[in-house]
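Chain and residue survey
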Amino acid sequence: MAFKLNSVVPWGRNIDEYKMMFILNDDDMKKKIAGFGDGPAAFNSEAKKAGCSVTSFDPIYQFSREQLQARIEEVRVTVMQQMADNKDNYIWINIKNLDELENIRMTAMNKFLDDYDLGKAEGRYIYHELPNRLDFEDNSFDIGLSSHFLLMYTALGYEFHINAIDEMLRVCREIRIFPLCDLDSNDSEMITSVIAHYKEKYNVEIKNTEYEFQKGANRVLVIRK
Ligand SMILES: C[S@@+](CC[C@H](N)C(=O)[O-])C[C@H]1O[C@@H](n2cnc3c(N)ncnc32)[C@H](O)[C@@H]1O
């Protein structure tokens, strides 16, 4: 897939959301974590400040800070309009309204931008597109995370997802994927097939999360070697 800047819609979450989506406890946060498709999330920068080890992978890390900042500003109004149009698909309890949502997302993405050049130099933001092979040894990470990418973009197809998850499982001892629904909040046939596939070889668990913003997006898939 060729990644063009004008087709990227950057939108990122923060560390509190990551901890709730992935049920990351204090012990988990002491482990070596890899984030796949972290994009402009603040997870990496906030984890670094807390003394944790997080390496993020995403195709958007091929772009410069200036390019990403400009693109974030460019799509901000459109994304917020889409959120307003689809307001009923979300639960407005933890995040109370659209203004608060915009503030939380922009704060997260600004934290990412402020950390981006340093993080790249430190090897914490690595340009990589799943399912390509990573330049890392087997089991380099304890936990691999995918938030709002794998299993959600079902149009990428079953084979894409299997190849991507295989590569995550090569470099990580355990992976967690959130949420378990597609972009329309439906459980898809593909998700069922993916889970059945990994159950044959690995320890597969589905856990309920306290986090639920998109209605129905309240389960995390955990696959352990
Ligand atoms: C909806 S965003 C989620 C960002 C972040 N994980 C969060 O939850 O805040 C999806 C991310 O997946 C990334 N992505 C798209 N295709 C990818 C691929 N083939 N491999 C890895 N990441 C990809 C996008 O660039 C984008 O940053």
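Summing up its helical and strand segments, the protein has seven helices and seven strands in all. Tracing the protein from N to C terminus, the helices and strands come up as α-α-β-α-β-α-α-β-β-α-β-α-β-β. Computed over its C-alpha atoms, the radius of gyration of the protein comes to 17 Å, within 12% of the 17 Å expected for a compact globule of 225 residues. Across its three principal directions, the C-alpha atoms of the protein cover 45 × 40 × 35 Å. Across the 225 residues in the protein, those meeting the buried criterion constitute 50%. At a minimum sequence separation of 6, the contacts of the protein that also span at least 24 residues come to 72%.

Among the structural elements, Met20 can be located in helix H1 (residues 15-21). For Met20, a relative accessible area of 33% corresponds to the partly exposed category. Along the backbone, Met20 and Arg224 are 204 residues apart, and their C-alpha atoms lie at a distance of 19 Å. What Met20 contacts, discounting residues up to four positions off in sequence, is Thr209 and Tyr211.

The next thing to look at is the pairing of strand S4 (residues 141-147). Of all seven residues in S4, six are buried; the element is thus mostly enclosed. Both strand S1 (residues 32-36) and S4 contribute to a ladder of four bridges, which runs parallel. Counted as the bridge partner of Ala34 is Gly144 from S4. Chirality of the crossover, the property in question, places the unit of S4, helix H6 (residues 158-171) and strand S5 (residues 172-178) among those that are right-handed.

The next point concerns the nonpolar core. Side chains of a nonpolar character, in soluble globular proteins, are inclined to be buried together. Phe22, Met29, Phe43, Trp92, Leu145 and Phe213 are the most contacted members of the largest nonpolar core, which totals 42 residues. Among the secondary structure elements, those contributing two or more residues to this core are H1, helix H3 (43-49), helix H4 (65-85), helix H5 (98-121) and S4. Apart from the residues within four sequence positions on either side, Met29 is in contact with Ile15, Lys19, Leu24, Phe43, Ala47 and Cys52. With 28 residues, the next largest nonpolar core counts Leu150, Ala164, Ile165 and Ile175 among its residues.

This part takes up the pattern of salt bridges. Inspection of the entire model under this criterion finds 19 salt bridges. The partner of Asp115 in a salt bridge is Arg124, with the nearest N and O atoms 2.8 Å apart. For Asp115, a relative accessible area of 10% puts it in the buried group. When salt bridges that share partners are traced, they join Asp28, Lys31, Glu174, Arg176, Glu205 and Arg224 into one network.

The next point concerns the packing of aromatic side chains. Following the criterion strictly, the structure yields 19 aromatic pairs and no others. Between the aromatic rings of Phe57 and Phe141, the centroid separation amounts to 6.0 Å while the plane-to-plane angle is 85°, which identifies the pairing as edge-to-face. Separated by 84 residues along the polypeptide, Phe57 in strand S2 (residues 53-58) and Phe141 in strand S4 bring together distant segments of the chain. A cation over a ring is seen here: Lys32 above Phe141, with NZ or CZ 5.4 Å from the ring centre. The positively charged end of Lys87 is found above the aromatic ring belonging to Trp92, 5.6 Å away from the centroid.

When you line up the elements, Phe136 lands in the loop between strand S3 (125-127) and S4. When the C-alpha atoms of Phe136 and Arg170 are compared, they prove to be 9.2 Å apart, with 34 residues separating the residues in sequence.

Attention shifts here to the layout of surface pockets. In this structure, the largest pocket occupies an estimated 1300 Å³ of space. At the level of secondary structure, the elements contributing two or more residues to the lining of the largest pocket comprise S2, H4 and H5. Looking at the lining of the largest pocket, the element that brings in the most residues is H4, giving three residues. Class assignment of the residues belonging to the lining of the largest pocket gives a composition of 27 nonpolar, twelve polar and six charged. Looking at the second largest pocket, it is lined by 13 residues, and the ones nearest its centre are Met20, Ile93, Asn94, Ile95 and Tyr211. Counting residues per element, the lining of the second largest pocket draws most heavily on H1, at three residues. For the lining of the second largest pocket, a count of residues per class yields seven nonpolar, two polar and four charged.

Analysis parameters
Residues numbered from 1 in each chain as written. Predicted model: local features only at pLDDT ≥ 70, side-chain atom pairs only at ≥ 80, totals over all residues. Heavy atoms only, no water. Helix = DSSP H or I, 4+ residues; strand = E, 2+ residues; numbered from the N terminus. Rg over C-alpha atoms; globule rule 2.2 N^0.38 Å. Buried < 20%, exposed > 50% of the residue type's maximum accessible area, 1.4 Å probe, protein only. Contact = heavy atoms within 4.5 Å. Pairing = 2+ DSSP bridges. Right-handed = clockwise from strand over helix to strand, strands pointing away. Core = buried A, V, L, I, M, F, W, Y, C linked by side-chain atoms within 4.5 Å. Salt bridge = Lys/Arg side-chain N within 4 Å of Asp/Glu carboxyl O. Phe/Tyr/Trp six-rings, centres within 6.5 Å; stacked < 30°, edge-to-face > 60°. Lys NZ or Arg CZ within 6 Å of the ring centre and 35° of its normal. 1 Å grid on protein atoms, 1.4 Å probe; cavity = no way out; pocket = protein on both sides within 12 Å on 5 of 7 lines; lining within 4 Å. Points joined across faces, edges and corners; volume = space filled by probe spheres on them. Nonpolar A, V, L, I, M, F, W, Y, C, P; charged D, E, K, R; others polar.

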